[in-house]
Amino acid sequence: MSPCSTPRPAAGAAVVVWRFVTYHAYLLAGGPVFLAMLGTALRRRERATARRPA
């Protein structure tokens, strides 16, 4: 028996759950930041095109 007391299938399931949870946590945390940066870039682009003479 291995020195770890957790059976391999349970450890594998725990890793899958951990990855699922952290993936979605990063999406929730990063989504608003991404949208804010996207909005800033779009506003700058809009201002740059508005200044260009016709």
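In what follows, the accompanying structure is described. (Residues numbered from 1 in each chain as written. Predicted model: local features only at pLDDT ≥ 70, side-chain atom pairs only at ≥ 80, totals over all residues. Heavy atoms only, no water.)

**Considerations on the overall build of the protein**
Alright, step 1. When helices and strands are counted, the protein shows 1 helix and 0 strands.
Alright, step 2. The proportion of buried residues among the 54 residues of the protein is 2%.
Alright, step 3. Per element, the accessible surface of the protein, about 5300 Å² overall, is 69% carbon and sulfur. (Helix = DSSP H or I, 4+ residues; strand = E, 2+ residues; numbered from the N terminus. Buried < 20%, exposed > 50% of the residue type's maximum accessible area, 1.4 Å probe, protein only. Areas by Shrake-Rupley, 256 points an atom, 1.4 Å probe, with all protein chains shown as cover.)

**Concerning a nonpolar patch on the surface**
Alright, step 1. Residues Phe34, Leu35, Leu38 and Leu42 make up a contiguous nonpolar surface patch of roughly 410 Å² in combined accessible area.
Alright, step 2. Counting through the fold element by element, Phe34 comes out in helix 1 (residues 8-51). (Patch = residues over 30% accessible without salt bridge, like charges linked within 9 Å, V, L, I, M, F, W, Y side chains within 5 Å. Salt bridge = Lys/Arg side-chain N within 4 Å of Asp/Glu carboxyl O.)

**A word on a positive patch on the surface**
Alright, step 1. A cluster of basic residues, Arg43, Arg44, Arg47 and Arg51, forms a positive patch on the protein surface.
Alright, step 2. Assignment of secondary structure puts Arg44 in helix 1. (Lys, Arg positive; Asp, Glu negative; His and termini not counted. Charge placed at Lys NZ, Arg CZ, Asp CG, Glu CD.)

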